[in-house]
Structures are given as structure tokens and as C-alpha cells.
Amino acid sequence: MDNRPIGFFDSGLGGLTCIRPLMKKLPEEKIIYFGDTARTPYGSKATSTIKAFSNEIAEFLVSKDVKMIVIACNTVSATCVDELQERFPQIPIVGIIQPAACKVADTCGSGNNVGIIGTKVTIASGEYERRIHELNSDVNIYQTPCPAYVPLIEEGIIDNDIMDLTIKYYMDDFIAANRIDTVVLGCTHYPLIEKNIRRIYPDVKIINPSDVIVDTIERILAERDQLADGSDAQNTFYASDLSENFINMIEHIFSGETEDAKVKFKNFDLEKGE
């Protein structure tokens, strides 16, 4: 038993999509979340910059005595997970790509054409294809970057024609040319437009890594005898720029239930340490 919080981080607000599934399955667990909203998006930045930012955030979460760090960002998971695991060996650090790769490998085969959508960095890394094929080489993998999704989602431009047109711009030809039957949401922002994608492409199966990773978190904590047994601590959401968009998105994800979820918001400037 361990009532210390689980630390989550993302380049912005996308990683929040992992929180609701965790709270549903493991309601006793408490969370510290850090969204680097002042420096988002990471998906078009140099790998060296992403690694520097990620190390700063991991150090911050470790200073908060978290029992686990969840990298709720595909871009960071594609570039930094091994380095962070080596630098902070005292706690488990879980990236979001490997659990999703296992899900694809377990549920898809040679008859499936799987499309990975993500940021430029995630797609260029080839991590999804590599990890899936390590587990199941029969799956047909196709990938395409969708860089405009994150800025639109961060601005709350979701339920309108602008987002639908952007989705079709990136995915119409990609799905048709490769006969895609399964799409992996390779960015934690993308679950926020999952309903749009399902509406536009009703025959395509969607795999959401933000849901899948919860089983991995539960398994690791159980193996380490670190599942919580009920703490009264608050769930704390830090942002490097505590914007109205960030708070509104938390309200949106919790469907107005932030009071029941004991949510506290804080601003923290990593560079200034305050």
C-alpha cells in the first residue's frame, strides 16, 4: 500500500485525457499532473529541447515524492523514456507508447491496416511501428503526422467545422489510399477529437492509448504493492502557464465534477522554480 500520488506530465493539456480513465478504474489513487503549457507544443521541437524540458519536469515530479511517473505524451515517450528511466531508477517511469503497441499487437493481425496519427516528432521516430513489430510483425502499419490538431485543441477549437475540415485534410487520403481499418490516436490530445473522428469515419476502429495505459499503471503498482487504499489528498494540476484554456479543459474532461474530484490548480514556472 502506498498513498503517495502518481505523477503525470505532458507538453500541455493533452495528457489530461489519461486522468479520467485512471480515476474510474483506480479511484483511490491521487494525482499530480504537470502540463508544460508555456512551451507547448513539443511535437515540432528538436529532440534535444524535448529531452531538456522532460528532465526538468521529471525532476519537479520527483521532488513532489510521487511513486510513479507516467509520461502522458507520445512525443516525449518516443524520444525520452529510456533516458528518464535511467536517470530516475528509484521509481517506475511509464511511457504511453509501449502499452498501446501491446494492444495493437494483441488485437490486430495481417488482415489489418493500422494507421498511426501523431505529431511530427512521434511519427518521424518510428517508435510505434518498431514496438508493434517487435511484438507482432504481421500487422501492416502506416503513419502520418497531423501537426495542426494540437494547436487547435489547445485553443478549444473542437466541436466545429474547422476541426472537422482539418481532420479530413489529414486523414481522408491517408485512410483511403492505405485502406486503414484501425487508427491509433498517437497523441494524448487526440482523444479530445475522438468523437469527431468516429463520426467522420464510422467504419474505422479506434485505439486510444490514454485508456490503454491505465491497465499498465495498475499492473505495475500491484506488482510493487503500491496501490493506494484511500487518501484524502487533493489531485493537483500544475501548469507552466495556468491559462483559462487549461482550466476549462480540466472542467470539460471532468464534466463539471472537479469539486468531487478534489482538484486544485497551481501555476509553476520551471525556469524560475516558482
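Just above sits the structure.
A few points on the structure. (Residues numbered from 1 in each chain as written. Predicted model: local features only at pLDDT ≥ 70, side-chain atom pairs only at ≥ 80, totals over all residues. Heavy atoms only, no water.)

Observations regarding the overall build of the protein chain
Then comes step 1: A tally of regular secondary structure across the protein chain gives twelve helices and ten strands.
Then comes step 2: On C-alpha atoms alone, the protein chain measures out to a radius of gyration of 18 Å, which is about the 19 Å that the 2.2 N^0.38 rule sets for 274 residues.
Then comes step 3: Across its three principal directions, the C-alpha atoms of the protein chain cover 50 × 40 × 35 Å.
Then comes step 4: Here the protein chain, with 274 residues, has 57% of them falling under the buried criterion.
Then comes step 5: Of the contacts made within the protein chain by residues no fewer than 6 positions apart, 78% connect residues no fewer than 24 positions apart.
Then comes step 6: Put simply, the protein chain shows about 11500 Å² of open surface, and 45% of that area lies on carbon and sulfur atoms.
Then comes step 7: Distance between charge centroids for the protein chain: 1 Å, based on 27 positive and 42 negative side chains. (Helix = DSSP H or I, 4+ residues; strand = E, 2+ residues; numbered from the N terminus. Rg over C-alpha atoms; globule rule 2.2 N^0.38 Å. Buried < 20%, exposed > 50% of the residue type's maximum accessible area, 1.4 Å probe, protein only. Contact = heavy atoms within 4.5 Å. Areas by Shrake-Rupley, 256 points an atom, 1.4 Å probe, with all protein chains shown as cover. Lys, Arg positive; Asp, Glu negative; His and termini not counted. Charge placed at Lys NZ, Arg CZ, Asp CG, Glu CD.)

Considerations on unusual backbone geometry
Then comes step 1: Between Thr-40 and Pro-41 the backbone carries a cis peptide bond, its omega angle lying at 0°.
Then comes step 2: Positionally, Pro-41 belongs in the loop between strand S2 (31-35) and helix H2 (47-63).
Then comes step 3: Located in the positive-phi region is Arg-179, a residue other than glycine, with phi close to 50°.
Then comes step 4: Mapped onto the secondary structure, Arg-179 falls in the loop between helix H9 (161-178) and strand S7 (182-186).
Then comes step 5: Classification of Arg-179 by relative accessible area gives exposed; the value is 66%.
Then comes step 6: Within the chain, Asp-225 stands out as a residue other than glycine whose phi angle is a positive 55°.
Then comes step 7: The topology assignment puts Asp-225 in the loop between helix H11 (209-223) and strand S9 (235-239).
Then comes step 8: Among the residues examined, Asp-225 registers a relative accessible area of 57% and is labelled exposed.

Considering the side chain of Ser-240
Then comes step 1: Looking at the secondary structure, you find Ser-240 in the loop between S9 and helix H12 (244-253).
Then comes step 2: Overall, the relative accessible area of 13% leaves Ser-240 in the buried class.
Then comes step 3: A distance of 2.9 Å separates a polar side-chain atom of Ser-240 from the backbone nitrogen of Ala-38. (Polar contact = N/O pair within 3.5 Å; in protein donor to acceptor, adjacent residues only side chain to side chain.)

Comments concerning the pairing of S2
Consecutive residues of a regular strand have side chains that alternate between opposite faces of the sheet.
Then comes step 1: Taken across its five residues, S2 has five buried, putting it largely inside the fold.
Then comes step 2: Here S2 shows two buried faces, one formed by Ile-31, Tyr-33 and Gly-35 and the other by Ile-32 and Phe-34.
Then comes step 3: Of the strand pairs in this sheet, strand S1 (residues 6-10) and S2 are connected by five bridges, and their pairing is parallel. The residue of S2 that forms the bridge with Phe-8 is Tyr-33.
Then comes step 4: Taking the sense of rotation as the criterion, the β-α-β connection linking S1, helix H1 (residues 19-25) and S2 turns out right-handed.
Then comes step 5: Strand direction decides the pairing type here: S2 and S9, joined by four bridges, are parallel. (Pairing = 2+ DSSP bridges. Right-handed = clockwise from strand over helix to strand, strands pointing away.)

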